[in-house]
Amino acid sequence: MSTASSRSAAAVLQARNLRKQFGAVTAAGDISVGIERLSVTGLIGSNGAGKTTFVNMITGYLKPDSGTIEFDGRDITTLTPRAITRLGIARSFQIPQLYDALSVEENILVALGTAARNGQLGPATAPRGQASRLARQQEEQALAQILSQFQLRDYRVRLARVLPQGVRKALDIALAMVARPQVLLLDEPTSGVSSEEKFAIMDMIMTALAQQGVTTLFVEHDMEVVSRYAQRVLAFYDGRVIADGEPKRVLQDDDVRRYVVGMSHAAPAGARSHA
Ligand SMILES: Nc1ncnc2c1ncn2[C@@H]1O[C@H](COP(=O)(O)OP(=O)(O)OP(=O)(O)O)[C@@H](O)[C@H]1O
Ligand SMILES: [Mg+2]
């Protein structure tokens, strides 16, 4: 087992002693992890290891039975998902959560509207009367930037339901980025994406995230993707972190090879019941 320091002076996120039990299943058994600002961390682990549970606890979708989560030094353990999003932690889902009957552009406009109402797009500084024109201009600029950064321009007027899987994933992540989060958690950004497409998609996503300066955690089953994009890897097994450190070292760790790499495979989308 190799476990690097679970705490970091520059941690933007700090989980302490998180526990979550589902009946007899330990989905989180005393997890303590600190995440450095602007770092890119990969979460690996076989099916059922507790990766999504960890993401769900950080983002407020699940409450830990015990333990605490701090964001920027503030205790967010008991906050709602919406309150956590407003503070600056966003996520994408294992199965993209899109409005299928709306176009790509409309999906982004809905997200921009929500972010604007939450005050996440910066203060409105215009004199009264000009405010709505300025808001429209800002919205158009933000829309154009997102379409461009996430390579969605060609799909602008397509309905979300007809998008190829890789584009669905990109749109889902783009929607999470609309609110300009400080921290972004991605649950399997390449699941369902063909192996030929996955590096192109990850290159695009990671470039966009680096441009925005966002601390990133991503859950991933593909070890090639993990070793190429993560600066640090957390390996989960049975609700515990069994290894933590540089990708090269973690992927060579005996326990990781035994319990994760050999067993790790992505179940087909839809075979999973937990978001
Ligand atoms: N809401 C829930 N109710 C009951 N059991 C749950 C729930 N969420 C997760 N579990 C169980 O907790 C364990 C961890 O699940 P989790 O979804 O976190 O795994 P994972 O590492 O994300 O797996 P995968 O790679 O398949 O997505 C599994 O045994 C799962 O069945
Ligand atoms: Mg999962």
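Each remark here, short or long, concerns the structure printed above.
What you see is a predicted model; the values in this text were computed from it and never measured.

### Let's talk about the overall build of the protein
- The helix and strand inventory of the protein stands at nine helices and 11 strands.
- Burial analysis of the protein (275 residues in total) assigns 40% to the buried set.

### What about the environment of Leu234?
- Along the polypeptide, Leu234 turns up in strand β10 (residues 232-237).
- You can call Leu234 buried: it has 26 C-beta atoms within 10 Å.
- Taking C-alpha positions, Leu234 is 6.9 Å from Gly245, a pair spaced 11 residues apart along the chain.
- If near-sequence neighbours (up to four positions away) are discounted, Leu234 is found in contact with Val33, Thr41, Leu43, Val241 and Asp244.

### Topic: the sheet that holds strand β6 (residues 74-75)
- Ordered by their spatial adjacency, four strands build an open sheet running β3-β2-β5-β6, and the pairing between neighbours is antiparallel. Looking at strand neighbours, the two that pair on one side only are β3 (25-36) and β6, the edges of this open sheet.

### Let's talk about the site of ligand 1
- Residues in contact with ligand 1 amount to 15 residues; listed here are only the nearest, Phe22, Asn47, Lys51, Thr52 and Thr53.
- If one sorts the elements of the shell around ligand 1 by residue count, helix α1 (residues 51-58) sits on top with three residues.
- Tallied by class, the residues present in the shell around ligand 1 amount to five nonpolar, eight polar and two charged.

### A closer look at α1
- Counting buried positions along α1 yields eight of eight residues, so the element is predominantly enclosed.
- The first or second residue beyond α1 is Gly60, which carries a positive phi of 85°.

### Some thoughts on the pairing of β10
- Within β10, five of the six residues are buried, which leaves it mostly tucked inside the rest of the structure.
- Bridge count for strand β4 (residues 40-44) against β10 is four bridges, and the pairing is parallel. For Leu43, the partnering residue across the bridge sits in β10 and is Leu234.
- Judged from the five bridges that link them, β10 and strand β11 (residues 240-245) form a sheet pairing that is antiparallel. In the sheet register, Phe236 faces β11, and the bridge partner there is Val241.
- Taking the residues between adjacent antiparallel strands as the criterion, β10 and β11 are bridged by two residues, where Asp238 takes a positive phi near 55°.

### Let's talk about helix α5 (residues 165-177)
- The end-to-end C-alpha distance of α5, which contains 13 residues, comes to 19 Å, matching closely the 18 Å that a straight helix rising 1.5 Å per residue would cover.
- Counting buried residues along α5, 12 of its 13 residues qualify, which places the element largely inside the surrounding structure.

### Remarks on the packing of α5 against helix α6 (residues 198-212)
- The geometry of α5 relative to α6 is characterised by a closest axis approach of 11 Å and an angle of 10° between their N-to-C directions. By the angle class used here, α5 and α6 are roughly parallel. Packed against α5, whose contacting residues are Gly166, Lys169, Ala170, Ile173 and Met177, the element α6 presents Ile201, Met204, Ile205 and Gln212 at the interface.
- A per-class count over the contact of α5 with α6 returns six nonpolar, two polar and one charged.

Conventions adopted
- Residues numbered from 1 in each chain as written.
- Chains lettered and ligands numbered in written order.
- Predicted model: local features only at pLDDT ≥ 70, side-chain atom pairs only at ≥ 80, totals over all residues.
- Helix = DSSP H or I, 4+ residues; strand = E, 2+ residues; numbered from the N terminus.
- Buried ≥ 20, exposed ≤ 12 C-beta atoms within 10 Å, placed from the backbone.
- Contact = placed C-beta atoms within 7 Å.
- Pairing = 2+ DSSP bridges.
- Near = placed C-beta within 6 Å.
- Nonpolar A, V, L, I, M, F, W, Y, C, P; charged D, E, K, R; others polar.
- Expected span 1.5 Å × (residues − 1).
- Axes fitted to C-alpha atoms, helices over the stretch in contact; angles between N-to-C directions.
- Parallel < 35°, antiparallel > 145°, perpendicular 65-115°, else oblique.

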